[in-house]
Amino acid sequence: MQALQTAATGMAAQELSVQVIANNIANMQTTGYKKQTAAFQDLIYQHVRRVGAQSSDQGTILPIGIDIGGGVKTVGTPRSMTQGTLSQTGNDLDLAVTGEGFFKILMPDGTFQYTRDGTFQMDNQGRIVNAQGNLVQPQITIPQNSSGLTVSPQGQVSVTQPGSTTSTIIGTLDLTRFVNKAGLLPVGNNLFQETPASGPPQDGLANAEGYGSITQGSLEQANVDVVSEMSNMIAAQRAYEMNSKVISAADEMLQTTAALFR
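Only a predicted model underlies this, so the values are computations on that prediction, with no experimental measurement involved.

Asks: Explanation requested: the packing of helix H1 (residues 2–26) against helix H2 (residues 226–260) in the structure shown.
Replies: Angle between the axes and distance between the axes are the two parameters that describe a pair of packed helices. Contact geometry for H1 and H2: axes closest at 9 Å, N-to-C directions at 160°. The orientation of H1 relative to H2 falls into the category roughly antiparallel. Considering only the axes of H1 and H2, their crossing is left-handed. Its residues assigned to classes, the contact of H1 with H2 shows 17 nonpolar, seven polar and three charged.

Asks: What's the story with the sheet that holds strand S13 (residues 156–160) in this structure? I'm lost.
Replies: As a general point, the strands of a sheet are linked pairwise by backbone hydrogen bonds and lie either parallel or antiparallel. Taken in spatial order, the three strands make up an open sheet running S12-S13-S14, and their pairing is antiparallel. Only two strands of the sheet have a single neighbouring strand rather than two, namely strand S12 (147–151) and strand S14 (167–172). Neighbour-to-neighbour, the strand axes of this sheet turn through a mean angle of 20°, independent of strand direction. With three bridges joining them, S12 and S13 adopt antiparallel strand pairing. Bridged to Ser147 within S13 is Thr160.

Asks: Looking at this structure, how should I read the environment of Ile25?
Replies: Locating Ile25 in the fold gives a position in helix H1. Judged by relative accessible area, which is 24%, Ile25 ranks as partly exposed. For the pair Ile25 and Glu229, spaced 204 residues apart in sequence, the C-alpha to C-alpha distance is 7.2 Å. Leave out the neighbours within four places in its chain, and Ile25 touches Glu229 and Met230.

Asks: Explain the side chain of Asn223 here, please?
Replies: Looking at the secondary structure, you find Asn223 in the loop between strand S20 (218–220) and H2. A polar atom in the side chain of Asn223 sits 3.0 Å from the backbone oxygen of Ser80. Here Thr82 takes part through its side chain, which lies 3.0 Å from a polar atom of the side chain of Asn223. Once residues lying within four places of it in the same chain are set aside, the contact partners of Asn223 are Tyr33, Lys34, Lys35, Ser80, Met81, Thr82, Gln83 and Gly84.

Asks: Sorry if this is basic, but what is going on with H1 here?
Replies: In an α-helix there are 3.6 residues to a turn, and that puts residues three or four apart on one side. Relative to the 36 Å expected for 25 residues at 1.5 Å per residue, H1 spans 37 Å between its end C-alpha atoms, a close match to the ideal helical length. The set of residues buried in H1 consists of Ala7, Thr9, Gly10, Met11, Ala13, Gln14, Ser17, Val20, Ile21 and Asn24.

Asks: Explanation requested: a nonpolar patch on the surface in the structure shown.
Replies: On the surface, Val48, Ile66 and Ile68 cluster together into a nonpolar patch covering about 230 Å² of accessible area. We classify Ile66 as partly exposed; its relative accessible area is 36%.

Asks: Teacher, can you tell me more about the pattern of salt bridges here?
Replies: Once the charged atoms of two side chains with opposite charge are near each other, the side chains can pair. Per the stated rule, a full pass over the model turns up five salt bridges. Ionic pairing is found between Lys181 and Glu100, a salt bridge with its closest N-O pair at 2.8 Å. One end of the pair, Lys181, is in the loop between strand S15 (174–177) and strand S16 (185–188); the other, Glu100, is in the loop between strand S6 (95–98) and strand S7 (103–106), with 81 residues separating them in the sequence. What makes Glu100 partly exposed here is its relative accessible area of 30%. A salt bridge links Asp123 to Arg127; the shortest N-O distance between them is 2.8 Å.

Asks: Can you help me understand the nonpolar core in this one?
Replies: Considering soluble globular proteins, one finds that nonpolar side chains tend to be buried as a cluster. Within the largest apolar cluster, 21 residues are counted, with the highest numbers of intra-cluster contacts made by Leu95, Phe103, Phe120, Ile128, Leu173, Leu175 and Ile214. Elements with a minimum of two residues in this core: S6, S7, S12 and S13. Sequence-distant contacts of Leu95, that is, excluding residues within four places in its chain, are made with Phe103, Gly118, Phe120, Val151, Leu173, Ile214, Thr215, Gln216, Ser218 and Leu219.

Asks: Can you help me understand the packing of aromatic side chains in this one?
Replies: Here the distance between the centres and the angle between the planes together describe a pair of aromatic rings. Scanning the entire structure with this criterion turns up four aromatic pairs. Residues Tyr114 and Phe178 carry aromatic rings whose centres are separated by 5.0 Å and whose planes lie at 80° to one another, so their mutual orientation is edge-to-face. Note that Tyr114 is positioned in strand S8 (residues 112–115) and Phe178 in the loop between S15 and S16, a separation of 64 residues in sequence. Looking at Tyr114, the relative accessible area reads 3%, which means it is buried. Residue class for Phe178 comes out buried when judged on its relative accessible area of 4%. Three or more aromatic residues joined by ring pairs form one cluster here, namely Phe102, Tyr114, Phe178 and Phe192. The lysine or arginine in question, Lys104, covers the ring of Phe112, its NZ or CZ lying 4.2 Å from the ring centre.

Basis of the calculations
Residues numbered from 1 in each chain as written. Predicted model: local features only at pLDDT ≥ 70, side-chain atom pairs only at ≥ 80, totals over all residues. Heavy atoms only, no water. Axes fitted to C-alpha atoms, helices over the stretch in contact; angles between N-to-C directions. Helix = DSSP H or I, 4+ residues; strand = E, 2+ residues; numbered from the N terminus. Parallel < 35°, antiparallel > 145°, perpendicular 65-115°, else oblique. Left-handed = near helix turned anticlockwise from the far one by under 90°. Nonpolar A, V, L, I, M, F, W, Y, C, P; charged D, E, K, R; others polar. Pairing = 2+ DSSP bridges. Buried < 20%, exposed > 50% of the residue type's maximum accessible area, 1.4 Å probe, protein only. Contact = heavy atoms within 4.5 Å. Polar contact = N/O pair within 3.5 Å; in protein donor to acceptor, adjacent residues only side chain to side chain. Expected span 1.5 Å × (residues − 1). Patch = residues over 30% accessible without salt bridge, like charges linked within 9 Å, V, L, I, M, F, W, Y side chains within 5 Å. Areas by Shrake-Rupley, 256 points an atom, 1.4 Å probe, with all protein chains shown as cover. Salt bridge = Lys/Arg side-chain N within 4 Å of Asp/Glu carboxyl O. Core = buried A, V, L, I, M, F, W, Y, C linked by side-chain atoms within 4.5 Å. Phe/Tyr/Trp six-rings, centres within 6.5 Å; stacked < 30°, edge-to-face > 60°. Lys NZ or Arg CZ within 6 Å of the ring centre and 35° of its normal.

Right, here's the structure in full:
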């Protein structure tokens, strides 16, 4: 019976939807995390009687048809890149982007990846790195024994060096934009990779036209709305249960039909 396969595709789709929701909830405290949703499409139809077909020799046309659907399929898990709220930390190297742009990270293999997670630290050479020890670009080295580290909204990094009473700019952190930021590939560790869908990276100055500003001493929180996720999870669970009941009903109908022909 076709209903068995159709309902099975519905159960598989809702199982994936719950997995996506579970990942969103699991990352609700992950800095810079961007939530996902599951997107579905209906499968190919069996056209038992095509709408618009000729129904008589006199040329009458069928106003309706008989189309048997094959179920549902997953077409993607699009990611929402909306702004998350900022949470103050007071740490000098905690940076948040308000608006467009990603921090650029140099990976050990020489490639670049991108992040909204501004939880930065200093390595043993005074260089600004992310939580995995990879260099933030452009590379900035904080002089030893300096004090008064500040990062302006434009990304200018300033310190007061030993023997001086005035601050000195030691570098500028750029931001990177993409035409389609939802097309970036998530690779874990709060990092994204460029893809053909995202378009090439566009480096620019923070707080310039088209680029966001940098806030020191703050971190961007995940853009996960817990209430919405719980509501979506309940809806997915109900849909899963209904598809399960369809399978049970179809099975009973098959058993009844088989008994009649014994």
